Amino acid sequence: MSRSVRSDVININSDEAEIIASPSDHLFGKVLDLSENGLFLVDSDRKIILWNEWMVEASSLNRGDVIGSTFVEVFPGLKGRRIESVINAALDTRTASLLSRSLNKVIFPLYFSEARDEARRIEQSVTVKPIQSDGHDYCLIQIIDVTPMVQREDVLRVLAKEAEEALQVAEEASRFKSEFTSTVSHELRTPLTSIRGSLGLIASGVMGELKPEIGRLIAIACNNTERLLFLINDILDISKIESGKMDFVMGPVDLKAVLLQSIEVNQAYGEQYEVKYHLNDVIDGTTVYADTDRLMQVLNNLLSNAAKFSPKGTEVDISVIQKDGVIRVEIKDYGNGIPVKFQSRIFEKFSQADGSDTRKIGGTGLGLSISKAIVEKMGGSIGFDTEEGIGATFYIDVSLYADV
Amino acid sequence: MLEITELQRDYITEVLNISMGSAAAVLSEMVNEEVSLSVPEVDFLQRNAAANKFDQTNAARMSGVTQSMRGALTGDALLMFPEEKTLSIVRILLGDTVPVESLTEMEQEAMCEIGNIILNAVVSSVADLLKKEIMSSLPRFIKGTGSEIFSVETCDNNDLVMFLKVDFGLESQSINGYVTLMLNVDSLHDFISQLDEQISAV
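Because the structure is a prediction, the values reported are computed rather than measured.

Colleague: Looking at this model, I keep getting lost on the overall build of chain A. Mind explaining?
Modeller: The helix and strand tally for chain A stands at 13 helices and 12 strands. Counting only C-alpha atoms and orienting by the principal axes, one finds that chain A spans roughly 125 × 50 × 35 Å. Within chain A, the fraction of its 404 residues that count as buried is 41%. Long-range pairs, those at least 24 residues apart, make up 62% of the contacts in chain A with a sequence separation of at least 6. Element-wise, carbon and sulfur atoms account for 54% of the exposed surface of chain A, whose accessible area totals about 22,100 Å². With 43 positive and 60 negative side-chain charges, chain A shows a spacing of 4 Å between the two charge centroids.

In structure tokens:
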């Protein structure tokens, strides 16, 4: 039931008083009542002069209960609160204000149900705007129901927390795996080194002449021990790279000296495959920015790979090209090239072109993956060009020292 | 840049700091934590110079709150911080937040309220200085580069901007932000003459 509203009491003209008194009889009143937001208007005496249907439902207070009463009479709990001071500011200094839900957990006691159950409280975002009409000041309070937004962000909060926890678990597992791999590899390497030492002594004959059959068996044992050691060293490198524990001492490196040394180290290996290394002209004094030992490790890997995949009696060509502060080292072989279907996986761990090749060719399938990681840690890049049946060219790009 | 005397500058700073103090008190009470606000620097700059100041803050993007003003001043009032600082302010003040890289809707709304409190304080002290009324709109969240925010491309660069550095003190750290008010030439003259009148009355 609406109390009749006297326009002379509340400073509005009679037409507007009509609308406020019985909104459902007037177009603008109906519009206000159909609004999805709570709307009420306070005059300069802090008396409520408009109260839309949304407010009636959410507050369980009828128009007759509130119109003509002051804001504080209707909401005694809000006396002295921020909402009261911003309403005063709107009326006194014509300032507009926003009360966000996050910084004002409880603004108005408004509920989705008449039972005023705390769980059914409406989450609110409130705007307070000054209005002037016919020389009078008013303050319009709009209440927007942000409950769905709050619920959405609560879900988001839970999901983000779960994702963070899952990430922690995954990181923990990954760290454990790296530590486990590195510990096991160390533990394997120690006894294996002494096995290789002992077998080496036996094979060399210092412990006495060996029968040929025993000599052949010892040679097999030696070779396989060697292979296991390579594998373990590669696994150790990979786990160091993955756990970020591989240290780099970056500085100027004389490229020609490193290339010559790497060729020398691989000479004997090349001879096994009847392959020769050929170094094309390198400008003396070409200095790159790298870690000497790690660069050497990468070159050794590329040179030994090239020999391994070259036909007997061919050469491996090594060239150095300088362009715009970048030095490219190219290692070209004349083997079968890299099969198209393998090209995308070539730098992955434990990958070799054909599983069946492994035994014949030897190697762990870790070398290129390690080389790629090392070159990238040094700020460079690695890649290849190949044509099946013609050969393959692997290259690494590193920075010229002067340009760093 | 408009030259103002040391005395004028001190007077403006003083007036602004008083209103900043009350804005800080409101914020402190809302978040139950000590918040301090002060204005250590006041400048009058051309629009493009103000944009350059933002672009020199080492933050590619700024974000914050804008309100438009009507009355004795017509234009925009802005409170801006480097984007990641806005994130820290809201998250320090709200405590419990969603750990995502940009502000959520609710957090933007909270930032709007923080900006609203600070900008209302600045605008009302300028209105007091002018002895005139300035009405401002509700706050809106914005972000962008200095040039985007000041519409350097499309607006007259001779417009002047009152450029305030603001120290936002929170949890023993101080976050630097900026409040800017666009001023038209007439209101600027009014502002300076009112200022002189009030200074001589002191």
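Colleague: Just to check I follow, could you spell out the overall build of chain B for this structure?
Modeller: Counting its secondary structure elements, chain B contains six helices and seven strands. Expected size for 202 residues packed as a compact globule is a radius of gyration near 17 Å; at 16 Å, chain B falls within 12% of this value. Referenced to the eigenvectors of the C-alpha coordinate spread, the extents of chain B come out at roughly 50 × 40 × 25 Å. Sorting the 202 residues of chain B into buried and exposed places 55% on the buried side. In chain B, the proportion of contacts linking residues at least 24 apart, taken out of those at least 6 apart, comes to 72%. A total of about 8,800 Å² of accessible surface is found on chain B, and carbon and sulfur atoms cover 47% of it. A gap of 4 Å separates the mean positions of the 12 positive and 31 negative side-chain charges of chain B.

Colleague: Would you mind showing me how to read the pattern of salt bridges here?
Modeller: A full pass over the atoms with the stated rule returns 20 salt bridges over all chains. For the salt bridge of Glu226 of chain A with Arg196 of chain A, the shortest nitrogen-to-oxygen distance reads 3.4 Å. With Glu226 of chain A in helix H8 (residues 212-242) and Arg196 of chain A in helix H7 (residues 147-204), this pair connects stretches of sequence that are 30 residues apart. The exposure class of Glu226 of chain A is partly exposed, given its relative accessible area of 31%. Accessibility expressed as a relative area gives 33% for Arg196 of chain A, which makes it partly exposed. In this structure, Arg91 of chain B and Glu107 of chain B form a salt bridge, with 2.9 Å as the shortest nitrogen-oxygen distance. On the criterion of sequence distance, the pair formed by Arg91 of chain B in helix H3 (residues 83-94) and Glu107 of chain B in helix H4 (residues 105-130) is long-range, its members being 16 residues apart. As far as the burial class goes, Arg91 of chain B and Glu107 of chain B line up, both buried. Bridged by salt links that share partners, the residues Asp33, Glu53 and Arg63 of chain A form one connected network.

Colleague: Looking at this structure, how should I read a negative patch on the surface?
Modeller: All names here are of chain A. A grouping of Asp15, Glu16, Glu18, Asp25 and Asp134 is seen on the molecular surface, where their side chains present a negatively charged patch. With respect to the helices and strands, the residue Asp15 is situated in helix H1 (residues 14-21). Its relative accessible area of 56% is what places Asp15 among the exposed residues.

Colleague: Please explain the interface of chain B and chain A as it appears in this structure.
Modeller: Quoted interface sizes are often the accessible area lost when the parts come together. Facing 25 residues of chain B, the contacting portion of chain A comprises 25 residues. Between chain B and chain A, roughly 2,200 Å² of surface is buried when both sides are summed, and carbon and sulfur atoms account for 60% of that area. Applying the counting criterion to the chain B and chain A interface returns three salt bridges. Close ionic contact of Arg94 of chain A with Glu133 of chain B constitutes a salt bridge, the shortest N to O distance being 2.6 Å. Applying the counting criterion to the chain B and chain A interface returns 14 residue pairs in polar contact (both at pLDDT 80 or more).

Colleague: For this particular structure, what's the right way to read the nonpolar core?
Modeller: Nonpolar side chains in soluble globular proteins tend to end up buried together. Counting residues in each nonpolar core, the largest one holds 62 residues, and the members touching the most others are Met162 and Phe168 of chain B. Broken down by element, this core gets its largest block of residues, 14 residues, from H4 of chain B. In this view, Met162 of chain B contacts Ile12, Leu16, Asp43, Phe44, Val126, Val179, Thr180, Leu181, Leu183 and Phe191 of chain B; residues no more than four positions away in its chain are not counted. Grouped together as the second largest cluster of nonpolar side chains are 46 residues, Ile241, Val258, Ile346 and Met378 of chain A included.

Colleague: Could you clarify how one ought to interpret the side chain of Asn116 of chain B in this entry?
Modeller: Within the secondary structure layout, Asn116 of chain B lies in helix H4. For Asn116 of chain B, the side chain forms a polar contact with the side chain of Gln67 of chain B, separated by 2.6 Å. Sequence-distant contacts of Asn116 of chain B, that is, excluding residues within four places in its chain, are made with Ala96, Ser97 and Leu98 of chain A together with Val65, Gln67 and Pro139 of chain B.

Colleague: Just checking my understanding: could you explain the pairing of strand E3 (residues 75-82) of chain B for this structure?
Modeller: Looking down a regular strand, the side chains alternate between one sheet face and the other. Residues and elements named next belong to chain B. The buried fraction of E3 is high, at six of eight residues. Counting the residues that bridge the hairpin from strand E2 (residues 62-71) to E3 gives three residues. Here four bridges tie E3 to strand E7 (residues 173-183), and the two strands are oriented antiparallel to one another. In the strand pairing of E7, Leu78 is matched with Thr180.

Colleague: Whenever I open this one, unusual backbone geometry confuses me. Can you help?
Modeller: What is expected of a backbone is that most residues other than glycine have negative phi and most peptide bonds are trans. A positive phi is found at Arg94 of chain A, a non-glycine position, where the angle reads about 55°. With respect to the element layout, Arg94 of chain A can be found in the loop between helix H6 (82-93) and strand E3 (97-99).

Colleague: I tried to follow the side chain of Asn301 of chain A on my own but got confused; where do I start?
Modeller: Following the sequence through the fold, Asn301 of chain A ends up in helix H10 (residues 292-308). Classification of Asn301 of chain A by relative accessible area gives buried; the value is 14%.

Colleague: Looking at this model, I keep getting lost on the domain arrangement of chain A. Mind explaining?
Modeller: The domain boundaries assigned to chain A delineate domain 1 (14-145), domain 2 (152-242) and domain 3 (251-403). When each unit is reduced to the centre of its C-alpha atoms, the spacing between domain 1 of chain A and domain 3 of chain A is 77 Å.

Colleague: Sorry if this is basic, but what is going on with H3 of chain B here?
Modeller: Within an α-helix, residues lying three or four positions from one another point in the same direction, as the helix has 3.6 residues per turn. For H3 of chain B, built from 12 residues, the straight-helix expectation of 16 Å at 1.5 Å per residue is met to within 8% by its first-to-last C-alpha distance of 17 Å. Gly95 of chain B occupies a position one or two residues after H3 of chain B and carries a positive phi of about 75°.

Colleague: Mind showing me how you'd approach the packing of aromatic side chains here?
Modeller: The relative placement of two aromatic rings is captured by the distance of their centres and the angle of their planes. A full pass over the atoms with the stated rule returns 19 aromatic pairs over all chains. Note on Phe384 of chain A and Phe394 of chain A: the rings are 5.5 Å apart at their centroids and 40° apart in plane angle, and the pair reads as tilted. Here Phe394 of chain A lies in strand E12 (residues 391-399) and Phe384 of chain A lies in strand E11 (residues 381-387), a separation of 10 residues in the sequence. Pair check on accessibility: Phe384 of chain A and Phe394 of chain A agree, each one buried. Relative to Phe163 of chain B, the ring of Phe54 of chain B lies with its centre 5.7 Å away and its plane at 55°, an arrangement referred to as tilted. Of this pair, Phe54 of chain B sits in helix H2 (residues 47-55) while Phe163 of chain B sits in strand E6 (residues 160-170), and the two are 109 residues apart along the sequence. Comparing Phe54 of chain B with Phe163 of chain B shows no difference in burial state: the two are buried. A connected cluster of aromatic rings, assembled from ring pairs, spans Phe40, Trp51, Phe71, Phe75 and Phe108 of chain A. Above the plane of the ring of Tyr395 of chain A lies Arg328 of chain A, whose end atom (NZ or CZ) is 3.7 Å from the centre.

What counts, and at which threshold
Residues numbered from 1 in each chain as written. Chains lettered and ligands numbered in written order. Predicted model: local features only at pLDDT ≥ 70, side-chain atom pairs only at ≥ 80, totals over all residues. Heavy atoms only, no water. Helix = DSSP H or I, 4+ residues; strand = E, 2+ residues; numbered from the N terminus. Buried < 20%, exposed > 50% of the residue type's maximum accessible area, 1.4 Å probe, protein only. Contact = heavy atoms within 4.5 Å. Areas by Shrake-Rupley, 256 points an atom, 1.4 Å probe, with all protein chains shown as cover. Lys, Arg positive; Asp, Glu negative; His and termini not counted. Charge placed at Lys NZ, Arg CZ, Asp CG, Glu CD. Rg over C-alpha atoms; globule rule 2.2 N^0.38 Å. Salt bridge = Lys/Arg side-chain N within 4 Å of Asp/Glu carboxyl O. Patch = residues over 30% accessible without salt bridge, like charges linked within 9 Å, V, L, I, M, F, W, Y side chains within 5 Å. Buried area = accessible area lost by both parts, 1.4 Å probe. Polar contact = N/O pair within 3.5 Å; in protein donor to acceptor, adjacent residues only side chain to side chain. Core = buried A, V, L, I, M, F, W, Y, C linked by side-chain atoms within 4.5 Å. Pairing = 2+ DSSP bridges. Domains from an automatic or database assignment. Expected span 1.5 Å × (residues − 1). Phe/Tyr/Trp six-rings, centres within 6.5 Å; stacked < 30°, edge-to-face > 60°. Lys NZ or Arg CZ within 6 Å of the ring centre and 35° of its normal.

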